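The chain contents come next:
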Amino acid sequence: MSALTGHPPRREPRSVLPWLAVPALLVFVCFAVVPLVGVFVLSFTSWDGIGDIHASGLTSWREVLTDPGLPHALWVTFLVMAVSWAVQTPVSILLGTFLAGRQRYRAVLGVIYFVPLLLSSAAIALTYKALLDPNFGLGAGLRIEALSQDWLGRPWLAFGVVVFVVSWQFVPFHSLIYQGGVQQIPKSLYEAAQLDGAGRVRQFLSITLPQLKYTIITSSTLMVVGSLTFFDLIFVLTEGGPGDATRVLALDMYKRGFQANLMGPASAIAVILVLIGLALALLLRRIGGRDAGESQLEGA
């Protein structure tokens, strides 16, 4: 009882916000956690995808880890990841900074730049495969010798084509992220820099890039983890060839599981991909968190 009014104290209404997260949590568990656990269990079995599933212990893991092709697939996967990051990041930052302007024509260009992300990866791969055909492609049609090479028949040329097509498709997405990051930078910083006589290049290097530090970490996380799942574009474009020049780990998983009917080893590779993705995401998050903590200490 309240000493002043004589009425019992009112109870604060319970927040409903935690309950709003329940549907999303159920979807995540059903479509992420449960399949992941199923793949992990399947990696300890022997199954051809049709018949009965038989437990096989560590046989699948032993087969995958002792396969001499695994280090090469890992090397190609990390090489595609590193080179595509090195290409996409500066291009995305420059495009995002350019599109952050207030002019109307930049908004129109932003819509045009975003078109590649709306297209199917398989359709993009088929289009580029036709354009790069040495006999009937763009080079032969325009009679340009430099474009008439066997782009998909030479290892390093095929690798370069894969990186170029991947970058062409996903640069618009990351440009959109950087565009939003640039628009959040206080205008007063640029006004102060202009009063000090700083030009556009100096403003970009001294203001824009430092302010985009955490945006770069976010974009890099999406870019690096997403590169582990490159499959459909590479499968249609090169099928991992020539030889094994573009055979990434995700493509190796598909070939084992759906062409060789070895679901156990394919599931083991899937688990390896998940572990690599988690490790890279945690590493980038640790880098971002450490920088954030240091900046807060400096500000204090």
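Residues numbered from 1 in each chain as written. Predicted model: local features only at pLDDT ≥ 70, side-chain atom pairs only at ≥ 80, totals over all residues. Heavy atoms only, no water.

**Digging into the overall build of the protein chain**
Stage number 1. Each helix and strand counted, the protein chain has 15 helices and two strands in total.
Stage number 2. Computed over the C-alpha atoms, the radius of gyration of the protein chain is 25 Å, more than 25% above the 19 Å expected from 2.2 N^0.38 for a compact globule of 300 residues.
Stage number 3. Each principal axis of the C-alpha distribution contributes one length, and for the protein chain these read about 85 × 60 × 35 Å.
Stage number 4. Counting every position in the protein chain, which comprises 300 residues, the buried fraction comes to 33%.
Stage number 5. A fraction of 65% describes how many contacts in the protein chain between residues 6 or more apart in sequence connect residues 24 or more apart.
Stage number 6. Total accessible area on the protein chain is roughly 18,600 Å²; 68% of this is exposed by carbon and sulfur atoms.
Stage number 7. Between the mean site of the 20 positive side-chain charges and the mean site of the 17 negative ones, the protein chain shows a separation of 11 Å. (Helix = DSSP H or I, 4+ residues; strand = E, 2+ residues; numbered from the N terminus. Rg over C-alpha atoms; globule rule 2.2 N^0.38 Å. Buried < 20%, exposed > 50% of the residue type's maximum accessible area, 1.4 Å probe, protein only. Contact = heavy atoms within 4.5 Å. Areas by Shrake-Rupley, 256 points an atom, 1.4 Å probe, with all protein chains shown as cover. Lys, Arg positive; Asp, Glu negative; His and termini not counted. Charge placed at Lys NZ, Arg CZ, Asp CG, Glu CD.)

**Thoughts on the environment of Ser175**
Stage number 1. By secondary structure assignment, the location of Ser175 is in helix 9 (residues 155-183).
Stage number 2. Note on Ser175: relative accessible area 3%, which makes it buried.
Stage number 3. Spatially, the C-alpha atom of Ser175 lies 9.1 Å from that of Gln88, the residues being 87 residues apart in sequence.
Stage number 4. Excluding residues that lie within four positions of it along the chain, Ser175 makes contacts with Ser92, Leu95 and Gly96.

**Digging into the packing of aromatic side chains**
Stage number 1. Applying the stated criterion across every chain yields a total of 10 aromatic pairs.
Stage number 2. Judged by centre distance (5.6 Å) and plane angle (75°), the ring pair of Tyr128 and Trp168 falls under edge-to-face. Taken together, the residues span a long stretch of sequence, with Tyr128 in helix 7 (residues 121-131) and Trp168 in helix 9 at a distance of 40 residues. (Phe/Tyr/Trp six-rings, centres within 6.5 Å; stacked < 30°, edge-to-face > 60°.)

**So, the pattern of salt bridges**
Stage number 1. For the structure shown, the criterion picks out four salt bridges.
Stage number 2. Shared partners join several salt bridges into a network, and the residues in it are Asp67, Asp244, Arg247, Asp252 and Arg256. (Salt bridge = Lys/Arg side-chain N within 4 Å of Asp/Glu carboxyl O.)

**Topic: the confidence of the model for the protein chain**
Low pLDDT marks stretches whose predicted atomic positions should not be read closely.
Stage number 1. The share of residues in the protein chain with pLDDT of 70 or more is 91%, and the mean pLDDT across the chain is 87.
Stage number 2. Element-level mean pLDDT values for the protein chain span from 77 in helix 15 (residues 263-299) up to 94 in helix 4 (residues 69-99).
Stage number 3. A low-confidence stretch, residues 291-300 stays under pLDDT 50, and its non-local contacts, those more than four residues away or across chains, total five contacts. (pLDDT = per-residue confidence, 0-100.)

**Thoughts on the environment of Val91**
Stage number 1. For Val91, the position within the fold is in helix 4.
Stage number 2. C-alpha of Val91 to C-alpha of Arg143: the two residues are 52 residues apart in sequence and 30 Å apart in space.

**Topic: helix 12 (residues 213-227)**
Stage number 1. With 15 residues, helix 12 extends 21 Å from end C-alpha to end C-alpha; this agrees with the ideal 21 Å at 1.5 Å per step.
Stage number 2. Where helix 12 is concerned, the buried positions are Thr215, Ile217, Ser219, Ser220, Met223, Val224 and Ser227. (Expected span 1.5 Å × (residues − 1).)

**With respect to the layout of surface pockets**
Stage number 1. Within this model, the largest pocket holds a volume of roughly 700 Å³.
Stage number 2. It is helix 11 (residues 200-211) that provides the largest number of residues to the lining of the largest pocket, a total of six residues.
Stage number 3. Class assignment for the residues of the lining of the largest pocket results in eight nonpolar, six polar and five charged.
Stage number 4. Estimates place the volume of the second largest pocket at around 400 Å³.
Stage number 5. Along its surface, the second largest pocket is lined by 17 residues, and Thr229, Met253, Ala270, Leu273 and Val274 are the ones closest to its centre.
Stage number 6. Broken down by secondary-structure element, the contributors of at least two residues to the lining of the second largest pocket are helix 14 (249-259) and helix 15.
Stage number 7. Among the elements that take part in the lining of the second largest pocket, helix 15 stands out by supplying seven residues, more than any other.
Stage number 8. Partitioned by chemical class, the residues of the lining of the second largest pocket number 13 nonpolar, four polar and no charged. (1 Å grid on protein atoms, 1.4 Å probe; cavity = no way out; pocket = protein on both sides within 12 Å on 5 of 7 lines; lining within 4 Å. Points joined across faces, edges and corners; volume = space filled by probe spheres on them. Nonpolar A, V, L, I, M, F, W, Y, C, P; charged D, E, K, R; others polar.)

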